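A closer look at the structure
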Amino acid sequence: MNKLSLSSGAQTFSESLLDSLVDSLAENSYAVVDNFLSASEVEILRKHLLENYHSGEFKLAGIGNAANYNKDTTIRGDQIFWLDPETVSEDMQFFFDRINATISYLNRTCFLALQEYEFHFACYQPGSFFKRHLDAFKSDDSRKISIVVYLNEDWNEMDGGNIRLYLDDETGASYSKDFYPIGGRMVCFRSDLIEHEVFPSGRPRLSVTGWLKTRPVLGF
Ligand code: OGA
Ligand code: MN
């Protein structure tokens, strides 16, 4: 197997990992990859997240975009900090290298024409949640793939904070799947198709979350 070896840490980010991600995305419109980041990589991102959080750089997240944008903690209660890949510290660059490799692979294998991405850190304080929603906006369909990578240490199912994906089987029957925000785990799904929900947790729930996008076409 041809390894891309994009990681500087112990974890080797391999083409076989991307292969299984693409297979699952194509078949189920979602994929879950444990150890997408190694424990030491999670540690680096968590350290930066907490620094930004404690220096007051996080803001309550909104819902919708453009004219439809507003904030409503009865729908969404997480706080976020947008990351600028141009200015993040050197030791976080591996994360964007990994995202770029994922984009190249998806473009080669799925003809997705992804051209951009945007990522933010997110922190759900105990009790906050994000009700069932779709990530693609009504007026802008540039978000194609949603990615959440969890940055929590020693998460236990008793802590709650699961993401629930709302899915349909081959017969069209609805069912759902829950995943806990275990450090290093990556959950990704089609932004325009998969409704999902974040349940409250008993402790702060940390992640880096973002979207792989095509260039938005400005509409009316
Ligand atoms: C989001 C979202 C899921 C999660 O930020 O849009 O649905 O598990 N996040 O944090
Ligand atoms: Mn979402």
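Before reading on, note that the structure itself is shown above.
What comes next is a walk through the structure. (Residues numbered from 1 in each chain as written. Chains lettered and ligands numbered in written order. Predicted model: local features only at pLDDT ≥ 70, side-chain atom pairs only at ≥ 80, totals over all residues. Heavy atoms only, no water.)

As a further point, take the sheet that holds strand 5 (residues 130-133). Spatially, the 4 strands line up as an open sheet ordered 5-10-7-8, and their pairing is antiparallel. Edge positions in the open sheet fall to strand 5 and strand 8 (174-179), since each of these has one partner strand only. If you compare each strand with its neighbour and ignore which way they point, the axes differ by 20° on average. Sheet analysis places strand 7 (residues 163-168) next to strand 10 (residues 195-198), joined by 4 bridges and oriented antiparallel. Paired with Ile163 across the two strands is Val198, which belongs to strand 10. (Pairing = 2+ DSSP bridges. Helix = DSSP H or I, 4+ residues; strand = E, 2+ residues; numbered from the N terminus. Axes fitted to C-alpha atoms, helices over the stretch in contact; angles between N-to-C directions.)

It is worth spelling out the sheet that holds strand 3 (residues 79-82) at this point. Strand pairing in a sheet takes place through backbone hydrogen bonds and is either antiparallel or parallel in direction. Pairing is antiparallel in the open sheet, where 7 strands are placed in the order 1-9-6-11-4-3-2. The open sheet has two free edges, formed respectively by strand 1 (30-33) and strand 2 (59-60), since each of these has just one partner strand. Those strands touched by helix 1 (residues 15-28) are strand 1, strand 6 (143-150) and strand 9 (186-190), and its axis lies near 150° from that of strand 1. Along the sheet face, helix 2 (residues 39-54) touches strand 3, strand 4 (116-124), strand 6 and strand 11 (205-213) and points at about 70° away from the line of strand 4. (Contact = heavy atoms within 4.5 Å.)

Before going further, it helps to examine the site of ligand 1. Around ligand 1, the surrounding shell holds 13 residues, and the nearest of these are His133, Asp135, Tyr150, His196 and Arg205. Here Asp135 contributes a side-chain N or O atom positioned 3.2 Å from an oxygen atom of ligand 1. At 2.6 Å, a side-chain N or O of Tyr150 approaches an oxygen atom of ligand 1. For ligand 1, whose unbound accessible area comes to 300 Å², protein coverage reaches 98%. Of all the secondary-structure elements, those providing two or more residues to the shell around ligand 1 are strand 5, strand 6, strand 10 and strand 11. No other element matches the 3 residues that strand 11 contributes to the shell around ligand 1. When the residues that make up the shell around ligand 1 are grouped by side-chain class, the tally is 7 nonpolar, 3 polar and 3 charged. (Near = heavy atom within 4 Å. Polar contact = N/O pair within 3.5 Å; in protein donor to acceptor, adjacent residues only side chain to side chain. Areas by Shrake-Rupley, 256 points an atom, 1.4 Å probe, with all protein chains shown as cover. Nonpolar A, V, L, I, M, F, W, Y, C, P; charged D, E, K, R; others polar.)

The subject of this paragraph is the coordination of the manganese ion (ligand 2). Protein coordination at the manganese ion (ligand 2): the donors are His133 (NE2), Asp135 (OD) and His196 (NE2), at 2.0 to 2.2 Å from the metal. The class of His196 is buried, set by a relative accessible area of 4%. (Donors = N, O, S within 2.8 Å, 3.2 Å for Na, K, Ca; no water. Buried < 20%, exposed > 50% of the residue type's maximum accessible area, 1.4 Å probe, protein only.)

One finds Phe95 and Phe121 to be the most contacted residues of the largest nonpolar core, which totals 38 residues. Put simply, the parts of the chain that give this core at least two residues each are helix 1, strand 1, helix 2, helix 3 (93-110), strand 4, strand 6, strand 9 and strand 11. Counting residues per element, this core draws most heavily on helix 3, which supplies 7 residues. Contacts of Phe95, omitting those with residues within four sequence positions, involve Leu37, Leu45, Phe119, Val149 and Val208. (Core = buried A, V, L, I, M, F, W, Y, C linked by side-chain atoms within 4.5 Å.)

Glancing now at helix 1. Along its 14 residues, helix 1 runs 20 Å from first to last C-alpha, staying within 8% of the 20 Å computed at 1.5 Å per residue. For helix 1, the full list of buried residues reads Glu15, Leu17, Leu18, Leu21, Val22, Ser24 and Leu25. Close packing links the buried residues of helix 1 with strand 1, helix 3, strand 6 and strand 9. One or two positions beyond helix 1, positive phi appears at Ser29, with a value near 65°. (Expected span 1.5 Å × (residues − 1).)

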